[in-house]
Every structure is written in C-alpha cells, then in structure tokens.
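# A closer look at the structure
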Amino acid sequence: MLTVDEVARHFALKPDSIRRHIRKGTLDAVRMNHQFRLDWPAVWACEDGPFPRGRGLDRYKMPLWTKRDLAARTRVSTRTVERWIEEGLPTRNAFGRVRINPHDAADWLRGRFGIDPGDIEP
C-alpha cells in the first residue's frame, strides 16, 4: 500500500492535490491508522493511458516526469518536448496534467532519433 506522499511523488504533484482527489472520489483509497493508503491499480486507474501489464508493471511504478523534467534532462526547451508529444511521444494524463514515463521517453527517443538516451534513463 502506498502513502499519499508516495503517490504525489509518482505523479509529480503535491500531497494536498492527492488528498483532494481522494476526497472528491477521483482516486480510490482506504484509511489505515488515520492515513490514506492506495494501491497501484487505483493509482493507474486514474491515469489516462494503457493499464500496465506483465513486465511493464515495474516500469510504471517509477515517478513520472513533467514536460519540464524531460526538457531539463535532454537539454531542450519545453516547447520541443511539446512538439515531441505532438509527434507521438507516449504520455500519461494524471488529473488533467501531462506526465511522461521515463522508460517510455527513453524508448521513444531511441526509436525516433536513434540516440542512446543513457543520460535520461531513470
């Protein structure tokens, strides 16, 4: 079971945002010892993206990146990352915010540009 802080870190959001979504019912959680706890299926269910399966489970437990995170890691502008998204860079949508799985980004950059994205590997 995940804590609110762990889920917030996964989505690159503030813990208060996660608590707000739990209270609104857009994110399933249970109370244990006066704290909310969440499981991975509930976390993935609120993302707009394919549900992870098989070997993908571990890679989708990694903290997601914002467009700004990917831009900083690849030394490009946020606008360039937005163009990459338009060109097919896989993203996840978490509560209306675009997030990027580090493994998906590395795979896409390798396939699209033929570069070794070792510098951005998670």
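This text follows the structure it describes.
Below you will find a few notes about this structure. Here the structure is a predicted model, which is why all the values come from computation and not from measurement. (Residues numbered from 1 in each chain as written. Predicted model: local features only at pLDDT ≥ 70, side-chain atom pairs only at ≥ 80, totals over all residues. Heavy atoms only, no water.)

### Some details on the packing of aromatic side chains
Summed over all chains, the structure comprises 5 aromatic pairs. Note on Phe11 and Phe95: the rings are 5.6 Å apart at their centroids and 75° apart in plane angle, and the pair reads as edge-to-face. Linking Phe11 in helix α1 (residues 4–11) with Phe95 in the loop between β5 (92–94) and β6 (97–99), this pair joins segments that are 84 residues apart in sequence. Cation over ring: Arg31 sits above Phe36, and NZ or CZ is 4.4 Å from the ring centre. (Phe/Tyr/Trp six-rings, centres within 6.5 Å; stacked < 30°, edge-to-face > 60°. Helix = DSSP H or I, 4+ residues; strand = E, 2+ residues; numbered from the N terminus. Lys NZ or Arg CZ within 6 Å of the ring centre and 35° of its normal.)

### Details of the sheet that holds strand β4 (residues 47–48)
What the 3 strands build is an open sheet, ordered β4-β5-β6; its pairing is antiparallel. One side of each edge strand has no neighbouring strand; the edge strands of this open sheet are β4 and β6. As paired strands, β4 and β5 are joined by 2 bridges and run antiparallel to one another. Paired with Glu47 across the strands is Ala94, a residue of β5. (Pairing = 2+ DSSP bridges.)

### Some thoughts on helix α2 (residues 15–24)
Of the residues making up α2, those classed as buried are Ser17, Ile18, His21 and Ile22. Buried residues in α2, looked at end-on, bunch into an arc of 140°, giving them a common side. Across α2 from its buried face, at more than 90 degrees, point the exposed residues Asp16, Arg23 and Lys24. The inward-facing, buried residues of α2 contact α1 and β3 (35–38). The first or second residue beyond α2 is Gly25, which carries a positive phi of 90°. (Buried < 20%, exposed > 50% of the residue type's maximum accessible area, 1.4 Å probe, protein only. Arc of directions from axis to C-beta. Contact = heavy atoms within 4.5 Å.)

### Quick notes on the packing of α1 against α2
At a closest axis distance of 8 Å, the pairing of α1 and α2 adopts a crossing angle of 105°. Compared by their axis directions, α1 and α2 come out roughly perpendicular. Packed against α1, whose contacting residues are Val4, Asp5, Val7, Ala8 and Phe11, the element α2 presents Pro15, Ile18, Arg19 and Ile22 at the interface. Split by residue class, the contact of α1 with α2 holds 7 nonpolar, no polar and 2 charged. (Axes fitted to C-alpha atoms, helices over the stretch in contact; angles between N-to-C directions. Parallel < 35°, antiparallel > 145°, perpendicular 65-115°, else oblique. Nonpolar A, V, L, I, M, F, W, Y, C, P; charged D, E, K, R; others polar.)

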